[in-house]
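# Close look at the chain arrangement
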Amino acid sequence: MSRTVFCEHLKKDAEGLDFQLYPGELGKRIFDGISKEAWGMWQSKQTMLINEKKLNMMDPEHRKLLETEMVNFLFEGKDIVIDGYTPPSQ
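Every value quoted in this text rests on a predicted model; they were computed, and no experiment measured them. (Residues numbered from 1 in each chain as written. Predicted model: local features only at pLDDT ≥ 70, side-chain atom pairs only at ≥ 80, totals over all residues. Heavy atoms only, no water.)

## Focus on the overall build of the chain
In plain terms, the rule: Only runs of H or I of at least four residues qualify as helices and only runs of E of at least two qualify as strands under DSSP, and these elements are numbered from the N terminus. Type-normalised accessible area, obtained with a 1.4 Å probe on protein chains alone, sets the label of each residue: buried when under 20%, exposed when over 50%, and partly exposed for intermediate values. What makes two residues a contact is simply this: any of their non-hydrogen atoms within 4.5 Å. Exposure was quantified through the Shrake-Rupley algorithm and a 1.4 Å probe, taking into account, for residues, occlusion by the shown protein chains and nothing else. Positive charges are assigned to Lys and Arg, negative charges to Asp and Glu, while His and the chain termini are left out of the count. A charged residue contributes its charge at one atom only: NZ of Lys, CZ of Arg, CG of Asp or CD of Glu.
Along its length, the chain carries three helices and two strands. Each helix and strand of the chain, placed in order from N terminus to C terminus, yields the pattern β-β-α-α-α. With the C-alpha coordinates aligned to their principal axes, the bounding extent of the chain is approximately 40 × 35 × 20 Å. Scored against the burial criterion, the 90 residues of the chain give a buried share of 30%. For the chain, restricting intrachain contacts to residue pairs at least 6 apart in sequence, the fraction spanning at least 24 positions comes to 51%. Surface exposure of the chain reaches about 6,200 Å², of which carbon and sulfur atoms provide 51%. Across the chain, the 12 positively charged side chains and the 15 negatively charged ones have centroids separated by 0 Å.

Structure, rendered in structure tokens:
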């Protein structure tokens, strides 16, 4: 049975995550207030950030940058901006 949450990113009721995907208090906040749809959107943005900025997930500074961008995207409504990146034309 799926859970419904009020998604802070999408600003609507939507299907919630099945379990806490991120550790700690931030993970609880994501589990309680972010939908599967918004989390999927973040995962796409995260992949783009890791690839375009050549982030190394073994580097604590890179992980901190990614966490900051995640909070900005999911809770602050800020889109991901990468200098010099232009999306592919459709």
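## Some words on the pairing of strand β2 (residues 12–15)
Heads up, the rule is: Strand pairing is assigned whenever DSSP identifies at least 2 bridges connecting the two strands.
When strand β1 (residues 4–7) meets β2, the two strands line up antiparallel, connected through four bridges. Within β2, the position partnered with C7 by the bridge is K12.

## Quick look at the nonpolar core
Put simply, the test is: Residues belong to one nonpolar core when they are buried, are Ala, Val, Leu, Ile, Met, Phe, Trp, Tyr or Cys, and are joined through side-chain atoms within 4.5 Å.
Counting 19 residues, the largest nonpolar core has I30, I34, W39, W42, M70, L74 and I80 as the members making the most contacts within it. Listing elements by their share of this core, those giving two or more residues are α1 (24–33), α2 (36–52) and α3 (60–75). In this structure, W39 is in contact with L17, L21, I30, I34, M70 and L74, ignoring residues within four places of it in sequence.

## Brief notes about the environment of E15
Topologically, E15 is positioned in strand β2. A C-alpha to C-alpha distance of 19 Å links E15 and F73, two positions 58 residues apart in sequence. Residues contacting E15, with those up to four places away along its chain left out, are S2, R3, S35 and K36.

## Quick notes on the environment of V5
Inspection of the secondary structure assignment puts V5 in strand β1. Taking C-alpha positions, V5 is 5.3 Å from G16, a pair spaced eleven residues apart along the chain.

## Description of the packing of α1 against α3
Which entries qualify depends on this criterion: Axis lines are fitted through C-alpha atoms, for helices just across the contact stretch, and the angle between N-to-C directions can take any value from 0 to 180 degrees. To sort the angles, those under 35 degrees are grouped as roughly parallel, those over 145 as roughly antiparallel, those from 65 to 115 as roughly perpendicular, and the leftovers as oblique. Throughout, a crossing is termed right-handed when the near helix is turned clockwise from the far one, and left-handed when it is turned anticlockwise from it by less than a right angle. Residue polarity is assigned by list, with Asp, Glu, Lys and Arg as charged and Ala, Val, Leu, Ile, Met, Phe, Trp, Tyr, Cys and Pro as nonpolar; anything else, Gly included, falls into the polar class.
Running from amino to carboxyl end, α1 crosses α3 at an angle of 25°, the nearest separation of the two axes being 12 Å. The angle between α1 and α3 falls in the class roughly parallel. Relative to α3, α1 is oriented so that their crossing is left-handed. Of the residues in α3, those touching α1 at L26, R29 and I30 are E67, M70, V71, L74 and F75. For the contact of α1 with α3, the class distribution of residues is six nonpolar, no polar and two charged.

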